[in-house]
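Listed below, chain by chain, are the residues.
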Amino acid sequence: MGWHREPLIGFDLETTGTDPREARIVTAAVTEVGAEEPAGRRAWPAGPDVPVPADAVAVHGISTERASTGGCPAGQVADVSQASRVSRAALVGGVPR
């Protein structure tokens, strides 16, 4: 049995751009996969407090309006502490094995 058939966890950020010195987080997400099937997904939308450029919207589909109305305050998501806790718990639990 290969590693790709074992439980896995993935972490992803969608942002307002590609420059890490300026980009703001729009969403943070952790996805869990077990036995080749999705086992869970947790996402933390953020209101980036800046307009989301059209180029970024074309990539992830999250407009300024959607981010502003459906997102947590940027500071709560920017430290990615919730996503970090979920990822760390999976690693401590042996994922991936």
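Above this text you will find the structure in question.
Residues numbered from 1 in each chain as written. Predicted model: local features only at pLDDT ≥ 70, side-chain atom pairs only at ≥ 80, totals over all residues. Heavy atoms only, no water.

Enquirer: In this structure, what is going on with the overall build of the chain? I would like to understand it.
Expert: A count of helices and strands for the chain gives four helices and four strands. Contacts in the chain between residues far apart in sequence, at least 24 positions, make up 50% of those at least 6 positions apart. As presented, the chain carries roughly 6,400 Å² of accessible surface, and 54% of it is formed by carbon and sulfur atoms. (Helix = DSSP H or I, 4+ residues; strand = E, 2+ residues; numbered from the N terminus. Contact = heavy atoms within 4.5 Å. Areas by Shrake-Rupley, 256 points an atom, 1.4 Å probe, with all protein chains shown as cover.)

Enquirer: Is there a simple way to think about the side chain of threonine 16 in this case?
Expert: By secondary structure assignment, the location of threonine 16 is in the loop between strand E1 (8-15) and strand E2 (25-34). What makes threonine 16 buried here is its relative accessible area of 10%. For threonine 16, the side chain forms a polar contact with the main-chain nitrogen of arginine 24, separated by 2.9 Å. Non-local contacts of threonine 16, meaning those with residues more than four positions away in its chain, are made with Glu22, Ala23, Arg24, Val26, Pro48, Val50, Pro51, Val52, Pro53 and Ala56. (Buried < 20%, exposed > 50% of the residue type's maximum accessible area, 1.4 Å probe, protein only. Polar contact = N/O pair within 3.5 Å; in protein donor to acceptor, adjacent residues only side chain to side chain.)

Enquirer: Would you mind going over the side chain of threonine 27 with me for this structure?
Expert: Structurally, threonine 27 can be placed in strand E2. Among residues more than four places away in sequence, those in contact with threonine 27 are Asp12, Leu13, Glu14, Trp44, Pro45 and Ile62.

Enquirer: Looking at this model, I keep getting lost on the environment of threonine 64. Mind explaining?
Expert: Residue position: threonine 64 is located in helix H2 (residues 64-70). Spatially, the C-alpha atom of threonine 64 lies 7.7 Å from that of valine 50, the residues being 14 residues apart in sequence. Beyond its immediate stretch of four places on either side in the chain, threonine 64 contacts Val50, Pro51 and Val52.

Enquirer: How should helix H4 (residues 81-92) be read in this particular structure?
Expert: Given 3.6 residues per helical turn, the α-helix brings residues three or four places apart onto the same face. If you check H4, its first and last C-alpha atoms are 16 Å apart, about what 12 residues at 1.5 Å a residue would give, namely 16 Å. Three or more residues of H4 are buried, namely Ala83, Val86, Ser87 and Ala90. The arc that holds the buried residues of H4, viewed along the axis, is 95°, so those residues lie on one side. Looking at H4, the residues exposed on the side facing more than 90 degrees away from the buried face are Arg85, Arg88, Ala89 and Val92. The positive-phi residue at the C-terminal boundary of H4 is glycine 94, with phi of around 95°. (Expected span 1.5 Å × (residues − 1). Arc of directions from axis to C-beta.)

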